[in-house]
Amino acid sequence: MTAPMPVRPPEPPEKPPPPAEPDKAARPAPAARRPSRLLAPLRETGKLFALAVAVARAVFCRPFQVREFIEQFWFVASVTILPAALVSIPFGAVIALQVGSLTQQLGAQSFTGGASVLAVIQQASPLIVALLISGAAGSAICADLGSRKIREELDAMEVMGVSPIQRLVVPRVLATMLVAVLLNGLISVVGTLGGYFFNVIMQDGTPGAYLASFSALAQLPDLYISEFKALIFGFIAGIVAAYRGLNPRGGPKGVGDAVNQSVVITFMLLFFVNMVLTTIYLQIVPAKGS
């Protein structure tokens, strides 16, 4: 008889392999947090101020674009001189008529000239300049820079090592500032003459009393603050137009939207800045004769 074959004990069951970890590279990246919409105006304001600082620094850099500055100065002046002269006449007339009517009711008709001329020089003239510069010149500057941006001309300039701010923005901002100062003088003269004509002809005022009240109430700092306002307004209009032109959204349609936004934003800033400057001036400079 043969010996029985030994029986092998059963092998323990194999452990199931651990589940394979998914590849970390294949995992979807966590969604980026979207910036809060409430902070968007603050970011835009910060970028606007950053552009203003960059332009102020680039003014002193060389080379200065003289030809571009002259071309932009002539363009801005050509589109604003005639409208400024035409708009200043009814402004001066309305102020003279309103002030003359009030002084007649109060029995102080002799002060009509000084009150109306001060209103034209200090308030009406800088605001007319601001509206014309932002509406005519600022919209053109914004459209020009925006079209260059969507055609990638500005990106090509940066690749070649040319700063778009120094090459394009600085001459336009300086041109708007210089034209604003010159236009302010023109509007002040035309508005004063218009107010004089309507007060003397339509309200039976006397030329001597009109001029005497003007010399009695007006002073040289009134002209200084008017020119300073025009300078600041021209700078703001140029900066806002350049900023919106450098940051269009949505192709050609975005350029049109940027032009509209630049005009609206400029109007809002100019009226606010005018209020601040007027308040500071009236607190610092005493009235004549006080």
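Residues numbered from 1 in each chain as written. Predicted model: local features only at pLDDT ≥ 70, side-chain atom pairs only at ≥ 80, totals over all residues. Heavy atoms only, no water.

A. Seen up close, the UniProt feature "transmembrane region" (unreviewed entry) in the chain. Here, UniProt's "transmembrane region" (unreviewed entry) annotation points to residues 73-97, 117-143, 173-198, 223-243 and 263-284. Its end C-alpha atoms 36 Å apart, residues 117-143 is made of 100% helix and 0% strand. The span residues 223-243 is 100% helical and 0% strand by assignment, and the distance between its end C-alpha atoms comes to 30 Å. (UniProt positions renumbered as here; feature names shortened; annotations may be inferred. Helix = DSSP H or I, 4+ residues; strand = E, 2+ residues; numbered from the N terminus.)

B. Here's a closer look at the packing of helix α5 (residues 164-202) against helix α7 (residues 220-246). α7 packs onto α5 with a crossing angle of 145° between their chain directions and a minimal axis gap of 8 Å. Seen from above, α5 lies across α7 with right-handed handedness. Together, Val169, Val173, Thr176, Met177, Ala180, Val181, Asn184, Gly185 and Ser188 of α5 and Ser226, Glu227, Ala230, Leu231, Gly234, Phe235, Gly238, Ile239, Ala242 and Leu246 of α7 make up the contact between the two elements. A class-by-class count of the residues in the contact of α5 with α7 yields 11 nonpolar, 7 polar and 1 charged. (Axes fitted to C-alpha atoms, helices over the stretch in contact; angles between N-to-C directions. Left-handed = near helix turned anticlockwise from the far one by under 90°. Contact = heavy atoms within 4.5 Å. Nonpolar A, V, L, I, M, F, W, Y, C, P; charged D, E, K, R; others polar.)

C. Region of interest: the packing of aromatic side chains. In total, this model carries 2 aromatic pairs according to the counting rule given. Relative to Phe69, the ring of Phe64 has its centre 6.0 Å away and its plane inclined at 55°; by these criteria the two rings are tilted. The structure contains a cluster of three or more aromatic residues connected by ring pairs, namely Phe64, Phe69 and Phe73. (Phe/Tyr/Trp six-rings, centres within 6.5 Å; stacked < 30°, edge-to-face > 60°.)

D. Structural detail: the pattern of salt bridges. Per the counting criterion, the structure on display carries 8 salt bridges. A salt bridge links Glu68 to Arg172, with the nearest nitrogen and oxygen atoms 2.9 Å apart. Of this pair, Glu68 sits in helix α2 (residues 66-106) while Arg172 sits in helix α5, placing them 104 residues apart in sequence. The pair formed by Glu68 and Arg172 is uniform in burial state, with each residue classed as buried. (Salt bridge = Lys/Arg side-chain N within 4 Å of Asp/Glu carboxyl O. Buried < 20%, exposed > 50% of the residue type's maximum accessible area, 1.4 Å probe, protein only.)

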